[in-house]
Amino acid sequence: MKKSNFVALVLGTIGIVFFALGMCMCMLPEWDMFREGIIAGVIGMVVLLITVGIWRKMEGKAPVKISGKTVLSVLVGVIGALLFGVGMCLTMVFGKMVMGIVIGLIGMVVLLMLIPLCKGLR
């Protein structure tokens, strides 16, 4: 295993643990730690973003260029994931099966739009 991959593995694990623990702290009312959960989740996201930069630097790759296409791709991905998650929540938590399935399918279609957006059509 290359050193860059090992460093990314360790930092990624730390970031994911912080993020997951923060989400649990926010979502479980029994813990009563909403503010602390937000802080832990943000720390996890920051560590994950730093991990990407460190890994790219160790691999000798250029930094990620932020362009309009990159921002649009991220925005479409976030919206698609949120729609997909809302559909799952409506189906599994609130018992609104039809509306949940429809919103989940819309989320899937939005996520599928990422393929031509990122790769292009030929």
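The model shown is predicted, which means the values in this text are computed figures rather than measured ones.

Cut-offs and rules
- Residues numbered from 1 in each chain as written.
- Predicted model: local features only at pLDDT ≥ 70, side-chain atom pairs only at ≥ 80, totals over all residues.
- Heavy atoms only, no water.
- Disulfide = S-S within 2.5 Å.
- Axes fitted to C-alpha atoms, helices over the stretch in contact; angles between N-to-C directions.
- Helix = DSSP H or I, 4+ residues; strand = E, 2+ residues; numbered from the N terminus.
- Parallel < 35°, antiparallel > 145°, perpendicular 65-115°, else oblique.
- Left-handed = near helix turned anticlockwise from the far one by under 90°.
- Nonpolar A, V, L, I, M, F, W, Y, C, P; charged D, E, K, R; others polar.
- Expected span 1.5 Å × (residues − 1).
- Contact = heavy atoms within 4.5 Å.
- Salt bridge = Lys/Arg side-chain N within 4 Å of Asp/Glu carboxyl O.
- Buried < 20%, exposed > 50% of the residue type's maximum accessible area, 1.4 Å probe, protein only.

Another point: the state of the cysteines. Taken as a whole and judged by the stated rule, the model has 0 disulfides. Residue C26 stays outside any disulfide, its sulfur separated by 9.4 Å from that of C24, the closest cysteine.

Take the packing of helix α1 (residues 3–27) against helix α2 (residues 34–59) next. Relative to each other, α1 and α2 sit at 165°, their axes nearing to 7 Å. On the basis of their axis angle, the class for α1 and α2 is roughly antiparallel. Note that α1 runs across α2; the crossing there is left-handed. Considering only residue class, the contact of α1 with α2 consists of 20 nonpolar, 9 polar and 3 charged.

Moving on, we come to helix α3 (residues 68–92). In this model, α3 (25 residues) spans 36 Å end to end at C-alpha, consistent with the 36 Å of a helix rising 1.5 Å per residue. Next to the buried residues of α3 lie α4 (97–112) and α5 (114–119).

According to the stated counting rule, one finds 1 salt bridge in the structure shown. A salt bridge links K2 to E59; its shortest N-O distance comes to 3.1 Å. With a gap of 57 residues between them, K2 in the segment before α1 and E59 in helix α2 connect regions that are remote in the sequence.

This brings us to the environment of P63. Its location among the elements puts P63 in the loop between α2 and α3. Judged by relative accessible area, P63 falls into the exposed class, the value being 65%. Spatially, the C-alpha atom of P63 lies 7.1 Å from that of G53, the residues being 10 residues apart in sequence.

This brings us to the packing of α3 against α4. For the pair α3 and α4, the least separation of the axes is 7 Å and the interaxial angle reads 160°. The angle between α3 and α4 places the two elements in the roughly antiparallel class. The handedness of the crossing between α3 and α4 is left-handed. When α3 is examined against α4, the residues V76, G77, G80, A81, L83, F84, V86, G87, L90 and T91 are found in contact with a partner set consisting of M97, M99, G100, I101, I103, G104, I106, G107, M108, V110 and L111. In terms of residue class, the contact of α3 with α4 is made up of 14 nonpolar, 7 polar and no charged.

Note that all results are geometric; they support no functional claim without further evidence.
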